[in-house]
Amino acid sequence: MAFKPLVFSGVQPTGNLHLGNYLGAIKKFVELQNSHDCIYCVVDLHAITVWQDPAELTRNIREVTAAFLACGIDPKKHIIFNQSQVAEHAELAWIFNCVARLGWLNRMTQFKEKAGKDRENASVGLYAYPNLMAADILVYRATHVPVGEDQKQHLELSRDIAQKFNSDFKESIESRGFGEAFFPLPEPLIQGPATRVMSLRDGSKKMSKSDASDYSRINLTDDSDTIAQKVRKAKTDAEPLPSEQKGLEARPEADNLIGIYAALNDVNKADVLKEFGGAQFSAFKGSLVDLAVAKLGPIGAEMKRMVGDAAYIDGVLADGSSRAQIIAAETMKAVKDIVGFVRR
Ligand code: AMP
Ligand code: TRP
């Protein structure tokens, strides 16, 4: 069965939105608006799988919303909302808790990383997190999901859940006229030169919101001076830049900076190397600073302006949530019938 193309993605309101979030996710969200219907979610229910200070959580929900808007997502043509305002996410997640298998979740590397050594003390929510993520996508029967490379395994799990639901309930789905499959198998959109932006201090570590060193990442709200300082201090090696992509192998820091430049400038790594092959890092970093400041400066300034207007942000989220809920409620009605619940 053909499903109507629909894009869904989410970002956690856990502070310090950075260049990795922008290049790996939000920049793609903006681009997809021209070709698809899109739903973009501030996933606050995911955020609380680890402790969040309530006042900070509120601030962070508004800040991610401001980032979506400042980057150019149109909240009238598409949907921007926060997850906790649409209860159907949690409702479908429960059903998926009963579809997904322990063995599948036990393979999730993000849980292992986040839970660390003290696994006994991790929240149950952190463990079940991928089932909620599957529900986020499938409650809209979304078909395409732009994310960074780190979410690939979770997306595969979403597909497995959709497939198992479709096959477990095959007869019920067919007898109710939903065709052969009720849920689409959502496709990850993980493309381009910056699907995994690395720390500026260590080319083997992902750029992350939670890294103790602020110099490891460029935050979307950093001012020009801070961006310049962070790029200049970014770790490199002693060799000049190569002219071919093969020369980036085994040079993770060089590879990362070239990928960042390429993604910010909407070209590929080979194009950047054509321009900078043979150059010293100092010269390349100068150009990277100019580019990063030109692209990120206006976004940061607009975000700062917008977070001052909580009433506007909250209005966008309320409007988006009502529109999202209409779709989600329709799916949940069908899911309840398919599963065999009695409903009003
Ligand atoms: P999170 O902050 O974990 O909610 O991530 C939001 C989005 O940003 C997801 O699509 C992630 O895959 C993406 N993302 C996070 N960190 C990076 C990174 N270092 N490089 C590329 N994409 C990233
Ligand atoms: N797990 C994603 C992350 O940490 C965020 C997320 C939650 C998401 N639900 C989603 C992404 C649904 C895409 C689709 O980055």
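Residues numbered from 1 in each chain as written. Chains lettered and ligands numbered in written order. Predicted model: local features only at pLDDT ≥ 70, side-chain atom pairs only at ≥ 80, totals over all residues. Heavy atoms only, no water.

> Would you mind showing me how to read the overall build of the chain here?
A count of helices and strands for the chain gives 14 helices and 5 strands. Taking 20 Å as the expected radius of gyration for a compact globule of 344 residues, we find that the chain reaches 21 Å, a close match to that expectation. When its C-alpha atoms are laid out on the principal axes, the chain stretches across 70 × 45 × 45 Å. The contacts in the chain between residues at least 6 apart in sequence include a share of 77% that link residues at least 24 apart. Of the roughly 16000 Å² that the chain leaves accessible, carbon and sulfur atoms contribute 51%. Separation between the mean location of the 42 positive side-chain charges and that of the 44 negative ones in the chain comes to 2 Å. (Helix = DSSP H or I, 4+ residues; strand = E, 2+ residues; numbered from the N terminus. Rg over C-alpha atoms; globule rule 2.2 N^0.38 Å. Contact = heavy atoms within 4.5 Å. Areas by Shrake-Rupley, 256 points an atom, 1.4 Å probe, with all protein chains shown as cover. Lys, Arg positive; Asp, Glu negative; His and termini not counted. Charge placed at Lys NZ, Arg CZ, Asp CG, Glu CD.)

> Explain unusual backbone geometry here, please?
As a rule of thumb, non-glycine residues mostly have phi less than zero, and peptide bonds are mostly trans rather than cis. Positive phi values are uncommon outside glycine, yet Asn16 reaches one of about 50°. Relative to the helices and strands, Asn16 is located in the loop between strand E1 (7–11) and helix H1 (19–32). Exposure remark for Asn16: the relative accessible area of 33% places this residue in the partly exposed category. Residue Ala250 is not a glycine yet carries a positive backbone phi of 65°. Take Ala250: it is sitting in the loop between helix H10 (224–233) and helix H11 (252–264). Given the relative accessible area of 82%, Ala250 is considered exposed. (Buried < 20%, exposed > 50% of the residue type's maximum accessible area, 1.4 Å probe, protein only.)

> Got a minute to help me understand the site of ligand 1 in this structure?
In the vicinity of ligand 1 lie 17 residues, with Gln12, Gly148, Asp150, Val197 and Lys209 positioned nearest. Gln12 is positioned with one of its backbone polar atoms (N or O) 2.9 Å from an oxygen atom of ligand 1. Within the contact set of ligand 1, a nitrogen atom lies 3.1 Å away from a backbone nitrogen or oxygen of Gly20. A per-element tally of the shell around ligand 1 places H1 first, with 4 residues. Partitioning the shell around ligand 1 into residue classes produces 5 nonpolar, 8 polar and 4 charged. (Near = heavy atom within 4 Å. Polar contact = N/O pair within 3.5 Å; in protein donor to acceptor, adjacent residues only side chain to side chain. Nonpolar A, V, L, I, M, F, W, Y, C, P; charged D, E, K, R; others polar.)

> Can you walk me through the packing of aromatic side chains in this structure?
Geometry of an aromatic ring pair is reported as the spacing of the ring centres plus the angle between the planes. Under the counting rule described, the total for this entry stands at 16 aromatic pairs. For the ring pair Phe29 and Tyr40, a centre distance of 4.4 Å and an interplane angle of 10° mean the geometry is stacked. Residue Phe29 is found in helix H1, and its partner Tyr40 is found in strand E2 (residues 38–42); the two are separated by 11 residues along the sequence. We note that Phe29, like Tyr40, is buried. Aromatic side chains Phe165 and Phe169 sit 4.8 Å apart centroid to centroid with 45° between the ring planes, which places their arrangement in the tilted category. (Phe/Tyr/Trp six-rings, centres within 6.5 Å; stacked < 30°, edge-to-face > 60°.)

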